[in-house]
Amino acid sequence: MQLEVFNSVDRADAIDVLRPCLDIQRWVEHIADARPFSSLDSLLQFARETAEPFTSDEVAAAMAHHPRIGERPKAHTTEAAMSRSEQAGVDPSDDGVVTALAEGNREYEAKFGRVFLIRAAGRTAGEILASLQERLTHAGEEEDVIVAGQLREIALLRIAGVINESSSISEGATK
């Protein structure tokens, strides 16, 4: 969706565009209510600032929608499609990595009571696995901060994937 369209749609439609990026009601409402944005950068900056900080309840609610790393969501929703794309670096046919991720996920969930969350986009399976193993050494409070940061990173990447600068702005910039 072009930014100028996002700026002009009604509030409910703007919220519908944002919700698959991160399903935190306060966050999507604040962004929808702050429109219009002059640029994608200003939208992303506002989204980043609005996400600081997420409450523990907001993180828990958002986490309910995230699949385990290495498991492809089967739903036919926008959020599931985004997640499948973001996890492209994890090859489901690599049994060693899939097994190590599954074991790490179980250990992480037992320790922290939630799925392991990482911005998978742009990371290899090895990097994800190394991060999982390192984060298993964290205390709960330390991990809470990291998870909120990963949610922010995922949300900003998703916004940038669904909203882009209008063609008239980009054409004017190239002339």
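Criteria and thresholds
- Residues numbered from 1 in each chain as written.
- Predicted model: local features only at pLDDT ≥ 70, side-chain atom pairs only at ≥ 80, totals over all residues.
- Heavy atoms only, no water.
- Core = buried A, V, L, I, M, F, W, Y, C linked by side-chain atoms within 4.5 Å.
- Buried < 20%, exposed > 50% of the residue type's maximum accessible area, 1.4 Å probe, protein only.
- Helix = DSSP H or I, 4+ residues; strand = E, 2+ residues; numbered from the N terminus.
- Contact = heavy atoms within 4.5 Å.
- Polar contact = N/O pair within 3.5 Å; in protein donor to acceptor, adjacent residues only side chain to side chain.
- Phe/Tyr/Trp six-rings, centres within 6.5 Å; stacked < 30°, edge-to-face > 60°.
- Lys NZ or Arg CZ within 6 Å of the ring centre and 35° of its normal.
- Salt bridge = Lys/Arg side-chain N within 4 Å of Asp/Glu carboxyl O.

Core analysis: the largest hydrophobic core is formed by 47 residues, its most contacted members being Phe6, Trp27, Ile31, Leu43 and Ile159. For this core, the secondary-structure elements that each account for two or more residues are helix H1 (3-8), helix H2 (11-18), helix H3 (25-34), helix H4 (40-50), helix H5 (56-63), helix H7 (95-112), helix H8 (125-135) and helix H9 (140-162). Considering each element in turn, this core owes the most residues, seven residues, to H9. Contact partners of Phe6, with chain neighbours within four places excluded, come to Met1, Ala14, Val17, Leu18, Ile31, Arg35, Phe37, Leu43 and Ile163.

Attention shifts here to unusual backbone geometry. That bond from Arg35 to Pro36 is cis: its omega, 5°, falls within 30 degrees of zero. In this model, Glu52 is joined to Pro53 through a cis peptide bond whose omega is -10°. Residue placement: Pro53 occurs in the loop between H4 and H5.

Turning to its location among the elements, Arg119 is positioned in the loop between H7 and H8. Within the structure, Arg119 has its side chain in polar contact with the backbone oxygen of Ala121 (distance 2.5 Å). For Arg119, the residues in contact, after removing those within four places along its chain, are Gln150, Glu153, Ile154 and Leu157.

Evaluated as defined, the whole model comprises three aromatic pairs. A centroid spacing of 4.6 Å and a plane angle of 45° characterise the contact between Tyr108 and Phe112, whose relative ring orientation is tilted. Of this pair, Tyr108 and Phe112 both sit in helix H7, separated by four residues, roughly a single helical turn. Arranged with centres 5.3 Å apart and planes meeting at 75°, the rings of Tyr108 and Phe116 form a pair that is edge-to-face. Sitting over the face of the ring of Phe6, Arg35 holds its NZ or CZ atom 5.6 Å from the ring centroid.

Turning to the pattern of salt bridges, a few remarks are in order. Taken as a whole and judged by the stated rule, the model has eight salt bridges. Where Arg152 meets Glu52, a salt bridge forms, and the shortest distance between an N and an O atom there is 3.0 Å. Taken together, the residues Arg152 in helix H9 and Glu52 in the loop between H4 and H5 connect sequence positions 100 residues apart. The salt bridge partner of Asp144 is Arg114, with a shortest N-O separation of 2.9 Å. Here Asp144 is found in helix H9, whereas its partner Arg114 is found in the loop between H7 and H8, with 30 residues between them in sequence. With a relative accessible area of 40%, Asp144 lands in the partly exposed category. When its relative accessible area of 18% is taken as the criterion, Arg114 is described as buried. By sharing partners, the salt bridges in this structure join Arg11, Glu29 and Asp33 into a single network.

Attention shifts here to the environment of Leu136. Within the secondary structure, Leu136 sits in the loop between H8 and H9. In this structure, the C-alpha to C-alpha distance between Leu136 and Phe112, residues 24 residues apart in sequence, is 8.9 Å.

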